[in-house]
Amino acid sequence: MRVLVTGWPSFLHGEATAGDVLAMEAVRRALAGAGVRCDLAWSPVLRPGGLDLGRADPGRYTHLVFACGPLHGPQVAGLHRRYARCTRVAVGVSVVDPGDPAVTGFDAVLARDAPATPPRLDLAALPETPPVPVAGVVLAPGQAEYGPRRLHDRIERELTGWLARRECARLPLDTRLDPRDWRLFTTAAELESVLRRLDLVVTTRLHGLVLALKNGIPALAVDPVRGGAKVTAQARAWSWPAVVTVAAEDAGRDGPLLDPAELDYWWDWCLSPGRVPGLPGDAGMIGELLDVLGVR
């Protein structure tokens, strides 16, 4: 007996959600626990180099299991043709139309919801997953005031490419406030409430650095200006070492501006125990302002 586990994440033009992937993993763990050999088929977009449906030879399998999602459409129906000699079972699925060929092609359907049947718990609730660092990502816009010293586009491409290879939960954040856009914060308190719940912040923006440190969250800062500018200066003001600056003489060279090894070092440093920043306690500029205004 050998089982091919499939789902919507198996299709090249399908959709992979966390729930779908977890449901497939629940099936894999159950089969492995029962001593049954199985393979999981993935879209080459989701898992490049993994086993995809085009390379999952129907002759190698006795059974096909389709996990999670709605049973409808030509892609699901296509499994019945390709794996016609296999016993085909759908589990944890939604049945909208019981007469749909995508449904009737299965030898057995164990639905999570279907007409005239009581609902059942979704399979995604079963597998436990390990915790990973939660990283807020705060990127600076173009900042045209820096003229030819601007490296924002290159820095952002390299930094986000590096981040995409880290095993972490990336949470894009914006310091802009706008009550007209539900995707943005309306008050600074809303933003800071999110920052306090993070493990670290990765940022090219001054206030990404400042508000992370203010709230006791370590920040990996990358200055997007050749030779360093306000991000580097603010890191010095806080005596915060985790800042990456592109030297003026390096900005014109070919190849990457950022060293992944340096980013890796500061990432690990930020996540090490005891890296909680403290407020510098310097309100000197406010005092100077009061002096200039003659009110102190």
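Data block above holds the structure.
Overview of the structure. Because the structure is a prediction, the values reported are computed rather than measured.

Digging into unusual backbone geometry
Although it is not a glycine, A116 adopts a positive phi angle of roughly 65 degrees. Within the secondary structure, A116 sits in the loop between strand 5 (108-113) and strand 6 (134-138). Classification of A116 by relative accessible area gives exposed; the value is 87%. Residues other than glycine seldom take positive phi values, yet Q143 does so here, at roughly 50 degrees.

Focus on the pairing of strand 1 (residues 2-6)
Here strand 1 lies mainly inside the structure; five of its five residues are buried. In the sheet, strand 1 pairs with strand 2 (residues 37-40) via four bridges, with the strands oriented parallel. Bridge assignment links R2 to a residue of strand 2, and that residue is R37. A crossover connection joins strand 1 to the parallel strand 2 through helix 1 (residues 18-33); in handedness this β-α-β unit is right-handed. As defined by bridge partners, strand 1 adjoins strand 3 (residues 63-67) across four bridges and the pair is classed as parallel.

Thoughts on a nonpolar patch on the surface
Judged by side-chain polarity, I286, L289, L293 and V295 come together as a nonpolar surface patch covering roughly 400 Å² of accessible area. A relative accessible area of 55% places L293 in the exposed class.

What to know about the nonpolar core
Of all hydrophobic cores here, the largest spans 43 residues; its most connected members are V201, L220, V222, W240, L258, L263 and W267. For this core, the element with the highest residue contribution is helix 6 (residues 206-214), accounting for six residues. Setting aside residues no more than four positions away along its own chain, W240 makes contact with L209, L213, P218, A219, A235, W269, C270, R275 and P277. Counting residues in each nonpolar core, the second largest holds 21 residues, with L64, L71, V76 and A102 among its members.

Cut-offs applied
- Residues numbered from 1 in each chain as written.
- Predicted model: local features only at pLDDT ≥ 70, side-chain atom pairs only at ≥ 80, totals over all residues.
- Heavy atoms only, no water.
- Helix = DSSP H or I, 4+ residues; strand = E, 2+ residues; numbered from the N terminus.
- Buried < 20%, exposed > 50% of the residue type's maximum accessible area, 1.4 Å probe, protein only.
- Pairing = 2+ DSSP bridges.
- Right-handed = clockwise from strand over helix to strand, strands pointing away.
- Patch = residues over 30% accessible without salt bridge, like charges linked within 9 Å, V, L, I, M, F, W, Y side chains within 5 Å.
- Areas by Shrake-Rupley, 256 points an atom, 1.4 Å probe, with all protein chains shown as cover.
- Salt bridge = Lys/Arg side-chain N within 4 Å of Asp/Glu carboxyl O.
- Core = buried A, V, L, I, M, F, W, Y, C linked by side-chain atoms within 4.5 Å.
- Contact = heavy atoms within 4.5 Å.

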